[in-house]
Amino acid sequence: MNLSSPLGIGLRQPHYQQVLLERPQIGWFEVHSENFFHLGNAAVEILCEIAEHYPISLHGVGLSLGSTDGIQKQHLLRLNALIKTVKPFLVSEHLSWGRLGQVVMPDLLPIPYNSESLNLFCDHINYTQDFLGREILIENPSSYLTYKSSDQAEVDFLVSICERTQAKILLDVNNIFVSCSNHGWDPIKYIDAIPKNAVKELHIAGHSLKTIAQEKVLRIDTHDQAVCIEVWELYKMAINRFGIVPTLLEWDAHIPSLECLLQEVYKAKAYVFA
Amino acid sequence: MSLLECTQKSFYEAILDKDSALDFIASNYSSACLDIYRVTIIENLRNSLALTFPGVCALLGDECFKSAAYFFIINPNHLPKTGCLDDWGEDFPQFLAKQPQLQHLSYLKDYAAYEWLLHLAYHADCATAIDPIELEKIPEDRIEHIRFKFIPSMFLYNAAFPIDLIQAQINQADASSIILNQNNTGVVITKTEQQVMSLFVNQDDLAFFKYLFDGESLGQTIAKTTEKYPDVNVTLAIHFLLSHSLIQSLL
């Protein structure tokens, strides 16, 4: 799809009417798929109206691709129905899990990086892509802990997934910075380890700090503030490596005015068009 | 059980029980690290409840609502079953009714159950109602046998308390002044042009609608309703259904 601009923002409820009325200059919008699973509600009607004017990306948070209990077929059916309704140019999910048996924990929980989880994750992506009849993107997570059972680097795991499933990467630059800071990984090596043609979307976002012990501060992926300078610098590296790919600014808490969001994402122009 | 299954099970148990073993975590400060996920899960669920039950939130106040939501959430039986949080929250009214600390708010469960139906109506599929002329076309000898299929966003509720008064007080942001007598309120909830509406009705009309809603034929419905409410005005009740575009089809 040809985008009028590679820059997009997350479409959130407080801005629906303003977007419809003013049609801001932005290349595309992204929404969380699960917020639109009830196709009869007003939000879906508005989304369809907005989709007549802007490309839409569907970003899932609830499929739980890393769950040992498999994929819920009902979830895929609903996602597929939404895809048919909205006709998104991208569909993405996360390198995470959140369901055990019939119980869902609504968060993007980390998975251990080892051969067992790689096989399972690839099987679930293949099943999902076959079911939907299209490619999906997988986003690298922000994480706050690592597992004893991990024996691979996260980035190697992510690259292996792409090689084995033909899925592409939604590279969240803020998540790279957050996870690398929390676990002592090298963010530059992380970006350099990803094949140049594997990334089809970038995310940028703000995060916050949390002191969990004396002299131990974690970065938390809160999406509640402007993008920090270190993430912009990583974004620059990412653009240099992967070229100009659709870039989304995420801002999900303490949501500012639409003008403020646009101003923030326009900062990316300095890197995209440099 | 595989290593991955063990790890996920341990993670789940640790989310629900702070004293659970964390020997699957490699990071230092494992308890504090895990707590970030625990807090996010609880916050996500609490925010979802606050969106679905804004009136209950107003009636209880933020702090009390947060506390009630927390105790609801940490019971594993109450956790969501799907990845779509709009599907979740049905058990919250019943949970509220069972809380000893909330017994003095006898109307709370009623209002919560009402808000759940508003939520269902909002998310229900849209449907076109029949043209009233369709009903007139039915031959006289068939009319008592017809059954109604209602639009998906129609819900009936019989509250033990005056929902309309409670709603008015919430809207005036003065929930403290609610003085209620137990007084049944019939409500027909529906959605028209994406606006969810509450139509307050008498007990006789509600009984009439309920029989139809449950699949009784028009003839059976009239017989059963008039047995209990001899003064029910069937013509007006049917006019109500037609004028509010509640009938999707005739069966």
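Refer to the structure printed above.
Residues numbered from 1 in each chain as written. Chains lettered and ligands numbered in written order. Predicted model: local features only at pLDDT ≥ 70, side-chain atom pairs only at ≥ 80, totals over all residues. Heavy atoms only, no water.

When you look at the overall build of chain B in this model, what are you seeing that I'm missing?
Across its full length, chain B carries 11 helices and five strands. Taking 18 Å as the expected radius of gyration for a compact globule of 251 residues, we find that chain B reaches 23 Å, considerably beyond that expectation. Along the first, second and third principal axes, the C-alpha set of chain B runs to 80 × 50 × 30 Å. Restricting to contacts in chain B with at least 6 residues of sequence separation, those with at least 24 account for 65%. Surface summary for chain B: the accessible area is close to 12,600 Å², and the carbon and sulfur share equals 50%. Charged side chains in chain B number 16 positive and 31 negative. The centres of these two groups are separated by 5 Å. (Helix = DSSP H or I, 4+ residues; strand = E, 2+ residues; numbered from the N terminus. Rg over C-alpha atoms; globule rule 2.2 N^0.38 Å. Contact = heavy atoms within 4.5 Å. Areas by Shrake-Rupley, 256 points an atom, 1.4 Å probe, with all protein chains shown as cover. Lys, Arg positive; Asp, Glu negative; His and termini not counted. Charge placed at Lys NZ, Arg CZ, Asp CG, Glu CD.)

Can you walk me through the side chain of Ser20 of chain B in this structure?
Structurally, Ser20 of chain B is set in the loop between α1 (3–16) and α2 (30–52). Excluding anything up to four places from it in sequence, Ser20 of chain B contacts Glu13 and Ala14 of chain B.

Could you clarify how one ought to interpret the sheet that holds strand β3 (residues 185–192) of chain B in this entry?
Whenever strands of a sheet pair, they do so through backbone hydrogen bonds, lying parallel or antiparallel. Residue and element names in this part refer to chain B. Overall, antiparallel pairing links the three strands, which are arranged β2-β3-β4 in an open sheet. Lying at the two open borders of the sheet, with one neighbouring strand each, are β2 (155–159) and β4 (195–201). Neighbour-to-neighbour, the strand axes of this sheet turn through a mean angle of 25 degrees, independent of strand direction. Of the strand pairs in this sheet, β2 and β3 are connected by five bridges, and their pairing is antiparallel. Residue pairing across strands places Leu156 opposite Val188, the latter belonging to β3. Running at roughly 170 degrees to β2, helix α6 (residues 108–123) makes contact with β2, β3 and β4 of the sheet. Packed onto the sheet, helix α9 (residues 203–213) meets β2, β3 and β4 and runs at close to 140 degrees relative to β2. (Pairing = 2+ DSSP bridges. Axes fitted to C-alpha atoms, helices over the stretch in contact; angles between N-to-C directions.)

Would you take a moment to explain the pairing of strand β10 (residues 208–213) of chain A for this structure?
As a general feature of sheets, a regular strand has side chains that alternate between the two faces. By the bridge criterion, five bridges tie β10 of chain A to strand β11 (residues 216–220) of chain A in an arrangement that is antiparallel. If you follow Thr211 of chain A over to β11 of chain A, its bridge partner there is Val217 of chain A.

Explanation requested: the environment of Pro54 of chain B in the structure shown.
Residue and element names in this part refer to chain B. Checked against the element boundaries, Pro54 lands in helix α3 (residues 54–60). A relative accessible area of 44% places Pro54 in the partly exposed class. Separated by 61 residues in the primary sequence, Pro54 and Glu115 place their C-alpha atoms 8.0 Å from one another. (Buried < 20%, exposed > 50% of the residue type's maximum accessible area, 1.4 Å probe, protein only.)

What exactly am I supposed to notice about the interface of chain B and chain A here?
Accessible area lost on assembly of the parts is the figure often given for the size of an interface. Taken residue by residue, the interface counts 42 residues in chain B and 47 residues in chain A. Both sides of the chain B and chain A interface together cover about 3,800 Å² of buried area, and 64% of this is carbon and sulfur. Among the residues chain B hides against chain A, the three largest losses belong to Leu4, Gln8 and Tyr37 of chain B. Together they make up 19% of the total. Where chain B touches chain A, the interface holds one salt bridge. Across the pair Arg78 of chain A and Asp87 of chain B runs a salt bridge, and its minimum N-O distance is 2.7 Å. Here chain B and chain A share 20 residue pairs in polar contact (both at pLDDT 80 or more) between them. For the side of chain B that touches chain A, the elements supplying multiple residues, two or more each, are α1, α2 and α6 of chain B. (Buried area = accessible area lost by both parts, 1.4 Å probe. Salt bridge = Lys/Arg side-chain N within 4 Å of Asp/Glu carboxyl O. Polar contact = N/O pair within 3.5 Å; in protein donor to acceptor, adjacent residues only side chain to side chain.)

Help me out: how do you make sense of helix α8 (residues 163–171) of chain B in this one?
Because each turn of an α-helix spans 3.6 residues, side chains separated by three or four positions in sequence point in the same direction. Residues and elements named next belong to chain B. Residues of α8 that are buried include every one of Ile163, Ile166, Gln169 and Ile170, and no others. Looking down the long axis of α8, one finds its buried residues gathered within 130 degrees of arc, a one-sided arrangement. Contacts from the buried residues of α8 go to α3, α6, β2, β3 and β4. (Arc of directions from axis to C-beta.)

How do you make sense of the packing of α9 of chain B against helix α11 (residues 234–243) of chain B when you look at a structure like this?
Angle between the axes and distance between the axes are the two parameters that describe a pair of packed helices. Residue and element names in this part refer to chain B. Taken N-terminus to C-terminus, the directions of α9 and α11 make an angle of 65 degrees; their axes are 10 Å apart at the nearest point. The way α9 lies across α11 gives a crossing that is right-handed. In this structure, α9 uses Asp205, Phe208, Phe209 and Leu212 to contact α11, whose residues at the interface are Val234, Ala237, Ile238, Phe240 and Leu241. In the contact of α9 with α11, the residues fall into eight nonpolar, no polar and one charged. (Left-handed = near helix turned anticlockwise from the far one by under 90°. Nonpolar A, V, L, I, M, F, W, Y, C, P; charged D, E, K, R; others polar.)

Can you help me understand the nonpolar core in this one?
Side chains of nonpolar character tend, in soluble globular proteins, to be buried together. Membership of the largest hydrophobic core comes to 140 residues, with the highest contact counts inside it found for Ile194 and Tyr235 of chain A together with Phe11 and Val56 of chain B. Not counting residues up to four positions away in its chain, the partners in contact with Ile194 of chain A are Val155, Val159, Ile169, Leu171, Val199, Arg241 and Phe242 of chain A. Judged by nonpolar contacts, the second largest core, of 25 residues, contains Ile130, Ile146, Phe209 and Val232 of chain B. (Core = buried A, V, L, I, M, F, W, Y, C linked by side-chain atoms within 4.5 Å.)

Quick question: what am I supposed to make of the packing of aromatic side chains here?
Two descriptors summarise a pair of aromatic rings, namely the distance from one centre to the other and the angle between the planes of the rings. Considering all chains together, one arrives at 26 aromatic pairs over all chains under this definition. Measuring from ring centre to ring centre gives 4.8 Å for Tyr113 of chain A and Phe157 of chain A, while their planes differ by 50 degrees; the resulting arrangement is tilted. Taken as a pair, Tyr113 of chain A in the loop between β6 (103–109) and α4 (115–132) and Phe157 of chain A in helix α5 (residues 154–165) lie far apart in primary sequence, 44 residues in all. Taking the centre distance of 6.5 Å and the plane angle of 65 degrees together, the rings of Phe121 of chain A and Phe157 of chain A count as edge-to-face. One end of the pair, Phe121 of chain A, is in helix α4; the other, Phe157 of chain A, is in helix α5, with 36 residues separating them in the sequence. A relative accessible area of 0% places Phe157 of chain A in the buried class. Each member of the aromatic cluster is reached from another via a ring pair, and the members are Phe53, Phe65, Phe72, Trp88, Phe92, Phe95 and Trp116 of chain B. Above the face of the Tyr266 of chain A ring, Lys269 of chain A is positioned so that its terminal group lies 4.5 Å from the ring centre. (Phe/Tyr/Trp six-rings, centres within 6.5 Å; stacked < 30°, edge-to-face > 60°. Lys NZ or Arg CZ within 6 Å of the ring centre and 35° of its normal.)

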